Amino acid sequence: MTNRSVLTPDALRALMAERILVLDGAMGTMIQQYKLQEADYRGTEFADWSTDLKGNNDLLVLTKPELILDIHRQYLAAGADILETNSFNATPIAMADYDMSHLSARINRESAALARQACDEFSTPDKPRFVAGVLGPTNRTASISPDVNDPGYRNVDFDTLVSAYSESTHALIEGGADIIMLETIFDTLNAKAAAFAVLKVFDELGYALPVMISGTITDASGRTLSGQTTEAFYHSLSHVEPVSFGLNCALGPDLLRPYVETLSGISECYVSVHPNAGLPNEFGEYDLGAVEMAKEIADWAEQGFLNIVGGCCGTTPEHIKAISDAVAGLPARQPKQKTHQFHLSGLEAFGLEW
């Protein structure tokens, strides 16, 4: 970690109050464009690894660092203010699929270091660039049984998630992350474990970085995979006091819009959004072009929904450039005033006013 000043939550809040910040776009679908083969993922260090490694995109920070650095640079050149680390599946839990749990900390640390390098190259006094250390949802769910014949069964527990997220958070900060981002949350219990781990790490370090929380609405039901509405999801995690609360993935901007509007209407913190470039077609590709997507995003900004905006699956530097241009000069959303309400949330939200 370089000897740089720590980005405080208040400093990032002040910047978000002034203008809409731009997040980068997709990493996974960008990597797919390079048509990498098994040997590319293995490199020399893992040439004799016992399991197949193709598809382990997080490992590329060790075996193809220049490729990852090049993608980061493309997004920064397109206007991104915030880079996400290539660590979406880098927790020890997710890396177990490749028998690489023991490499988790190293991968997280290097993913942050690469993003840090790119940000430092592009930062100017007028436009600083920031590294968001990404904690993905893992490939397990603490709320739902993977066995339809045994509803009470779980393949992960809270303490295991906390341990995994703690290790990844420490490594991301060591590598140079300015922000910790809980992304693509489909299970609120997983997110609670991640948030608990992050705050625990901050206590151990003696300082706190800004935290971003971004969930995913999985389908037209308007709920997360674990069944919560947007409002319930927000209230379940608002105690973490993140700098931003948002939505990403699963849907394109047209289908995501009503949930963004709902979140903007209730959130007492800033709002982030990074939708897919539409829904995937029959070939798994994304067809929504940069101009069309930017037009939708500009409307959101004009309606006062946004503080941070970028792209998820299928988006490219071209999309981010168009989005950056579209929101430039448009006013940033101001958070809702704190209300004297008592909020509860299960699958639905409930508020009691006094």
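Residues numbered from 1 in each chain as written. Predicted model: local features only at pLDDT ≥ 70, side-chain atom pairs only at ≥ 80, totals over all residues. Heavy atoms only, no water.

(A) Seen up close, unusual backbone geometry. Even without a glycine there, the phi angle at Thr184 is positive, about 55°. The exposure class assigned to Thr184 is buried, which follows from its relative accessible area of 10%. (Buried < 20%, exposed > 50% of the residue type's maximum accessible area, 1.4 Å probe, protein only.)

(B) How the structure looks around the sheet that holds strand β5 (residues 211–215). Here eight strands make up an open sheet; going across it, the order is β1-β8-β7-β6-β5-β4-β3-β2 and the pairing parallel. In this open sheet, the two strands that pair with only one neighbour each are β1 (21–22) and β2 (82–84). Sheet topology note: the strand β3 (residues 130–135)/strand β4 (residues 179–185) ladder contains four bridges and is parallel. What sits directly across from Val134, in β4, is Met181. Helix α7 (residues 104–122) contacts β2 and β3 of the sheet and is inclined by roughly 160° relative to β3. (Pairing = 2+ DSSP bridges. Helix = DSSP H or I, 4+ residues; strand = E, 2+ residues; numbered from the N terminus. Contact = heavy atoms within 4.5 Å. Axes fitted to C-alpha atoms, helices over the stretch in contact; angles between N-to-C directions.)

(C) Quick peek at the pairing of β3. Most of β3 is tucked away, with six of its six residues classed as buried. Alternating positions in β3 separate into two faces, Phe130, Ala132 and Val134 on one and Val131, Gly133 and Leu135 on the other, with burial throughout. Judged from the three bridges that link them, β2 and β3 form a sheet pairing that is parallel. Opposite Leu83, over in β3, you have Val131 as the bridge partner. Taking the sense of rotation as the criterion, the β-α-β connection linking β3, helix α8 (residues 158–175) and β4 turns out right-handed. (Right-handed = clockwise from strand over helix to strand, strands pointing away.)

(D) Spotlight on the packing of α7 against α8. Contact geometry of α7 with α8 gives a least axis separation of 7 Å together with a crossing angle of 30°. Judged by the sense of rotation from one axis to the other, the crossing of α7 with α8 is right-handed. On the side of α7, the interface is formed by Ser104, Ala105, Asn108, Arg109, Ser111, Ala112, Ala113 and Arg116, while α8 contributes Glu167, Ser168, Ala171, Leu172, Glu174 and Gly175. Class assignment of the residues belonging to the contact of α7 with α8 gives a composition of five nonpolar, five polar and four charged. (Left-handed = near helix turned anticlockwise from the far one by under 90°. Nonpolar A, V, L, I, M, F, W, Y, C, P; charged D, E, K, R; others polar.)

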